[in-house]
Amino acid sequence: MAPRIALVAGEASGDLLGAALARDLKTLFPDAELAGVAGPGMRAAGVAAWHDCEELAVMGLVEVLKHLPRLLRLRRALRERLLAWRPDVVVGIDAPDFNLGLERWLKARGLRTVHYVSPSVWAWREGRAATIGRSADRVLCLFPMEPAIYARHGVEARFVGHPLAGMLPLHPDREAARRALGLPEEGEWLALLPGSRGGEIARLGPVFLDTVARLLARRPGLRVLAPMANPRCRERFTRLLAAHPQSLVLHAALHLVDGRAREAMVASNAVLLASGTAALEAMLAKRPMVVAYRIAPLTHFIVKRLGLLKVDRYSLPNVLAGEALVPERMQGDCRAEVLAADVERLLEEGLTPAQRLRFEGLHEALFAPSPRAAAEAVAGLLPGAPPA
């Protein structure tokens, strides 16, 4: 009998992981039924979308509170539909605030559950590992240091590699990426990635545009490649661009593309981006980057006031390296004059040989232990699967 596997992804990065997982599951089980919360990548990979993953793309305490009634309604409807469908296993992909509660409810009613992408238990509140184990029969980890943390709390977890590690070569080809994007092979390009959530674009878009305006005043030949995660992001960013005081100058230098973020980063001399998965992609692309982020002021006040923030590094390259490999500009440091100075230095200097070696070493450490490790870990929970 063909297995039924539910996949529940949140936002663009979850859709990316879910699409790779769905393709590998279809390779292992060509007749498998896949359904749940999906984005365009997962739909293309054969997942029947009951809801779009953009519906879960909410971040920050204030933002979540504003959307909480809608999210609770969605979760109630989804869990009842999943219970009626009775999948052999439910895979929650990232979105822990939404998925862990859903998984716990379903697990209590006899469904097998997997949580794909461990929350950052290595950064703060390691004790959450035990709580996650009450939600998931198995945790799939993207980073090699994570399973040992779960083992200390009696939770089964497997390092399955980061899918992005296999999507970019160790030595990316800038000229080939420019040809693929239809760009001239010569010239100086900056990749600009203001985020994949509406709130990110609202907070980072204006300061990123101000940064570009400052750079253009000093480097008029600079061109900027801005990949947009989805049509909604493009619409929001285009509105900000049209309202900018220097919109005409910015329009002349900016090239918006739909998706293709990895190609855009490989094609560029440097990258300015929102903290998140994109920083990992820039590292894998072996490009110098500046990582920036802002959250809602009230959210930031609450986090600082309650002492919830326990880490002194935020971007994944710096976390994985255990040192400050790339500049991070967060909250009050996320200002156009600071970002422009950082970017200009990177455009002048590029990656140092030491940074390149560190990027390559971190890239190799993220390769999956087998070609379809995540799908195999999910398959191990299906009825009739041999013991792990």
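Up top is the structure these notes are about.
Parameters and conventions
Residues numbered from 1 in each chain as written. Predicted model: local features only at pLDDT ≥ 70, side-chain atom pairs only at ≥ 80, totals over all residues. Heavy atoms only, no water. Pairing = 2+ DSSP bridges. Helix = DSSP H or I, 4+ residues; strand = E, 2+ residues; numbered from the N terminus. Axes fitted to C-alpha atoms, helices over the stretch in contact; angles between N-to-C directions. Contact = heavy atoms within 4.5 Å. Core = buried A, V, L, I, M, F, W, Y, C linked by side-chain atoms within 4.5 Å. Buried < 20%, exposed > 50% of the residue type's maximum accessible area, 1.4 Å probe, protein only. Expected span 1.5 Å × (residues − 1). Parallel < 35°, antiparallel > 145°, perpendicular 65-115°, else oblique. Nonpolar A, V, L, I, M, F, W, Y, C, P; charged D, E, K, R; others polar.

Quick word on the sheet that holds strand β7 (residues 157-159)
Thinking step 1. Strand order in the open sheet formed by seven strands is β3-β2-β1-β4-β5-β6-β7, with parallel pairing between adjacent strands. Of all the strands in the sheet, the pair left with one neighbour each is β3 (48-52) and β7. Recorded for the sheet is a direction-independent mean angle of 20 degrees between the axes of neighbouring strands.
Thinking step 2. Both strand β6 (residues 138-141) and β7 contribute to a ladder of three bridges, which runs parallel. Bridging from a neighbouring strand, cysteine 141 pairs with phenylalanine 159 of β7.

Here we look at the side chain of aspartate 342
Thinking step 1. Residue position: aspartate 342 is located in helix α15 (residues 336-349).
Thinking step 2. Among residues more than four places away in sequence, those in contact with aspartate 342 are Val290, Pro327 and Arg329.

Notes on the nonpolar core
Thinking step 1. Within the largest apolar cluster, 101 residues are counted, with the highest numbers of intra-cluster contacts made by Leu7 and Tyr116.
Thinking step 2. Ranked by the residues each element gives to this core, the list is headed by helix α8 (residues 198-218), at nine residues.
Thinking step 3. Among all residues touching leucine 7, those that are not within four sequence positions of it are Gly18, Leu21, Ala22, Leu25, Ala35, Gly36, Val37, Met42, Val47, Val91 and Ile93.

Thoughts on α15
Thinking step 1. In a regular helix each residue adds 1.5 Å, so 14 residues correspond to 20 Å; α15 covers 20 Å between its end C-alpha atoms and thus fits that length.
Thinking step 2. Those residues of α15 not exposed but buried are Ala336, Val338, Leu339, Ala340, Asp342, Val343, Glu344, Leu346 and Leu347.
Thinking step 3. Its buried side turned inward, α15 meets β8 (189-193), α8, β11 (270-274), β12 (289-293) and β13 (328-330).
Thinking step 4. Phi turns positive one or two residues past the end of α15, at glycine 350, with a value near 65 degrees.

Examining the sheet that holds β12
Thinking step 1. Sheet architecture is open: six strands sit in the order β10-β9-β8-β11-β12-β13, paired in parallel fashion. The sheet is open, and its two borders are formed by β10 (254-258) and β13, each paired with just one other strand. On average, each strand axis in the sheet is tilted by 20 degrees relative to the strand beside it, whichever way the strands run.
Thinking step 2. In this structure, β8 lies alongside β11, joined through four bridges in parallel fashion. Residue leucine 193 lies in a different strand from β11, and its bridge partner there is leucine 273.

Some words on the packing of helix α4 (residues 96-108) against helix α5 (residues 128-135)
Geometry of a packed helix pair, given as the angle between the helix axes and the separation of the axes.
Thinking step 1. Two elements in contact, α4 and α5, have axes whose closest approach is 7 Å; the angle formed by their N-to-C orientations is 50 degrees. One element, α4, and the other, α5, form an angle in the oblique class. Contacts between α4 and α5 involve Leu100, Glu103, Arg104 and Lys107 from the first element and Thr131, Ile132, Gly133, Arg134 and Ser135 from the second.
Thinking step 2. Counted by class, the contact of α4 with α5 contains two nonpolar, three polar and four charged residues.

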